[in-house]
Amino acid sequence: MEPLAPHEKILVDSDILEDENHGEIACHECHGGNPGDADWKTAHEGVVRDPTYPDAAAACGDCHDEINEHYQKSLHVSLRPYKIVTDTRANPNAVVRNKLAGAMNAHCFHCHGSCGQCHISRPNSVEGGFLDGHLFQKKPPMEEVCTACHGSRIRQEYFGEHEGTQPSVHRKMDISCDGCHAGEEMHGDGKEYANRFEVENGPKCVDCHEEIYERDAENVITHRIHKDKASCHVCHSQQYNNCSACHVGKDKKGLPFYKSKASWLDFKIGLNPLKSEKRPEICDTSARTHCSGNL
Amino acid sequence: MKYLRYVCLPIVSSLIFVLGNPPLVQAYEDTQCFICHTSAKKLIEITREIAKTRPAVTSAETEGEG
């Protein structure tokens, strides 16, 4: 993803005036500040860079009330699975837990979604910048939003950029993330899920490939034999990126840093630890991969 | 009566609507926010000014893949 020049990040396209919905909202109504002040320093006093995080109610809620009702429980906003997993694995000692909470707030929780960081600008975690001059994007562009964050472990797999791998068949058909992960999933449905596999309106392969168990379908015998025993990814996948040992801290200037070891390609099949009605399979890959290359 | 209902009434209603609701865009097209943020030249000057004074926000100790 090409980085934007500092001024490009905040250059507003005057076409926004033509937006019959958002074009009638003045800048300061969402961002605050002093719109009549000619001095940029004082004009920006009290300005909120992203008025949709942590609470989007004032900026978006009046019109997008259905989404506003649920979005706080979207995993992209709550990041709840990260907290659950680290709490499960970490030392229960209160001092350790306190340090862990501090580290997560300083590092991990900087990567999150918000209305603005998907529909208006690139996410803050990649230093932001308008997607298209502050014009509102109904569908966030995949390469500037989704894979801006999900870059090293999804983008490279989906695009087949690792040595010896190939692009996903879905990529070859020019299907972008939102082809499977629709807005309803991204915006949350009001339920607090512990992990992404539980999300009820998340995608399932059979949503599109519903015919695979029918008598005349291609490879029907294989599909029927493995139904509820192995997830689709056990066969329709390839190696994916694995990583470990990310250490975080603050340097002498108080700036947060991380040091991670190099990642490696691997492919692991194991027992499904989270069996459910939606995921009844006995075997699964250890990560849902995005690289079904029909190998 | 038909003339009044089908010709005059819509014209009068439209005039009331237009005059009573001046386009909102006009209201903030002239604000300082809009003037600066639609001008690449102004933004280049300001962001250069900011860059001179703003300290680094990324630690030099960061290593490895993010």
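The model shown is predicted, which means the values in this text are computed figures rather than measured ones. (Residues numbered from 1 in each chain as written. Chains lettered and ligands numbered in written order. Predicted model: local features only at pLDDT ≥ 70, side-chain atom pairs only at ≥ 80, totals over all residues.)

Thoughts on the overall build of chain B
Alright, step 1. For chain B, the helix and strand inventory stands at four helices and zero strands.
Alright, step 2. Overall, chain B shows an N-to-C arrangement of helices and strands of α-α-α-α.
Alright, step 3. Within chain B, the proportion of its 66 residues that are buried is 5%. (Helix = DSSP H or I, 4+ residues; strand = E, 2+ residues; numbered from the N terminus. Buried ≥ 20, exposed ≤ 12 C-beta atoms within 10 Å, placed from the backbone.)

Quick word on the interface of chain B and chain A
Alright, step 1. Taken together, the 26 residues of chain B in the interface contact 31 residues of chain A.
Alright, step 2. Where the side of chain B that touches chain A is concerned, the elements lending two or more residues are helix H2 (24–29), helix H3 (32–37) and helix H4 (40–53) of chain B.
Alright, step 3. With six residues, the single largest contributor to the side of chain B that touches chain A is H4(B). (Contact = placed C-beta atoms within 7 Å.)

Thoughts on the pairing of strand E3 (residues 256–260) of chain A
Residue and element names in this part refer to chain A.
Alright, step 1. Of the pairings in the sheet, the one linking strand E2 (residues 246–250) to E3 comprises five bridges and is antiparallel in character. Bridge assignment links Val-248 to a residue of E3, and that residue is Tyr-258.
Alright, step 2. The antiparallel pairing of E2 with E3 creates a hairpin that spans five residues between the two strands, and Gly-254 there sits at a positive phi of about 85°. (Pairing = 2+ DSSP bridges.)

Concerning helix H11 (residues 151–158) of chain A
Alright, step 1. Among the residues making up H11(A), those that are buried are A:Ile154, A:Arg155, A:Gln156, A:Glu157 and A:Tyr158.
Alright, step 2. Following H11(A) by one or two positions, A:Gly160 has its phi on the positive side, about 65°.

Observations concerning the confidence of the model for chain B
Alright, step 1. Averaged over chain B, the pLDDT score is 75; the fraction of residues at 70 or greater is 56%.
Alright, step 2. Across the whole predicted complex the pTM is 0.86, and at the interface the ipTM reaches 0.84. (pLDDT = per-residue confidence, 0-100.)

Thoughts on the packing of helix H10 (residues 142–149) of chain A against H11(A)
Residue and element names in this part refer to chain A.
Alright, step 1. Remark: H10 packs on H11, axes separated minimally by 6 Å, with the N-to-C direction vectors making an angle of 125°. The pairing of H10 with H11 is recorded here as oblique in orientation. Taking contact as the criterion, the partners of Thr-147, Ala-148 and Cys-149 in H10 are, on H11, Gly-151, Ile-154 and Arg-155.
Alright, step 2. Classifying every residue of the contact of H10 with H11 by side-chain character gives three nonpolar, two polar and one charged. (Axes fitted to C-alpha atoms, helices over the stretch in contact; angles between N-to-C directions. Parallel < 35°, antiparallel > 145°, perpendicular 65-115°, else oblique. Nonpolar A, V, L, I, M, F, W, Y, C, P; charged D, E, K, R; others polar.)

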